[in-house]
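Coordinate analysis (summary)
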Amino acid sequence: MSSQLDPEPNVFVFDARGVARRFRHSAIFGALGALRNGETMRFINDHDPIPLLGQLNQRYGDYLSITYRQRDPGPIVIDFGIDGLPDE
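Attention here is on the structure that accompanies the text. (Residues numbered from 1 in each chain as written. Predicted model: local features only at pLDDT ≥ 70, side-chain atom pairs only at ≥ 80, totals over all residues. Heavy atoms only, no water.)

**With respect to helix α1 (residues 21-33)**
For clarity, the cut-off: Put simply, DSSP marks the helices as runs of H or I at least four residues long and the strands as runs of E at least two long, and each gets a number from the N terminus on. For a helix, the expected span equals 1.5 Å multiplied by the residue count minus one. Categorising residues by exposure relies on relative accessible area from a 1.4 Å probe, with only protein chains included: less than 20% of the type maximum marks a residue as buried, more than 50% marks it as exposed, and the intermediate range marks it as partly exposed. Whether two residues are in contact is decided by their heavy atoms: any pair within 4.5 Å suffices.
The terminal C-alpha atoms of α1, which comprises 13 residues, lie 19 Å apart, in line with the 18 Å expected from a rise of 1.5 Å per residue. Those residues of α1 not exposed but buried are Arg24, Ile28, Phe29 and Leu32. Against β1 (11-15), β2 (40-45), α2 (50-60), β3 (64-70) and β4 (76-82) lie the buried residues of α1.

**Some thoughts on the nonpolar core**
For clarity, the threshold we go by: Put simply, a nonpolar core is a bunch of buried Ala, Val, Leu, Ile, Met, Phe, Trp, Tyr and Cys residues held in one set by side-chain atoms that sit within 4.5 Å of each other.
Among the nonpolar cores identified, the biggest contains 17 residues, and Ile28, Leu32, Met41, Phe43, Leu56, Leu64 and Phe80 are the most heavily contacted of them. Sorting the residues of this core by element identifies α1, β2, α2 and β4 as the ones contributing at least two each. Once you skip the residues sitting within four places of it in the chain, phenylalanine 80 turns out to touch Leu32, Leu35, Glu39, Thr40, Met41, Phe43, Leu53, Leu56, Leu64, Ser65 and Ile66.

**With respect to the packing of α1 against α2**
This is how it is decided: Every axis in this analysis is a line fitted to C-alpha atoms, fitted for helices over the stretch in contact. Angles between the N-to-C directions lie between 0 and 180 degrees. Put simply, a crossing is left-handed when the front helix is turned counterclockwise from the back one by less than a right angle, and right-handed when it is turned clockwise. Think of it as three bins: nonpolar holds Ala, Val, Leu, Ile, Met, Phe, Trp, Tyr, Cys and Pro, charged holds Asp, Glu, Lys and Arg, and polar takes everything else, Gly as well.
Close contact between α1 and α2 brings their axes to 12 Å; oriented N to C, the two are set at 35°. Here α1 runs over α2; the crossing is right-handed. Across the interface between the two elements, His25, Ile28, Phe29, Leu32 and Gly33 of α1 pack against Leu52, Gln55, Leu56, Arg59 and Tyr60 of α2. Its residues placed into classes, the contact of α1 with α2 shows six nonpolar, three polar and one charged.

In structure tokens form, the structure reads like this:
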């Protein structure tokens, strides 16, 4: 596994390549919804999910940070961080 994919504290890997395409967005929203403040989901995919990023920005706004860890070549790796959400 490359250093870009190695888990770090409070970073949880979500490899979407093993999820059927028709379920991916639902699975991603569910995984992000399970994150707590200060946690990150390291998202691995077989393509750059531009439409999904817009949907995530609409849903989470400033609470979500999006950081590309690897864009080309090979798998796309993005860190989605959650911070500042009100406590439930």
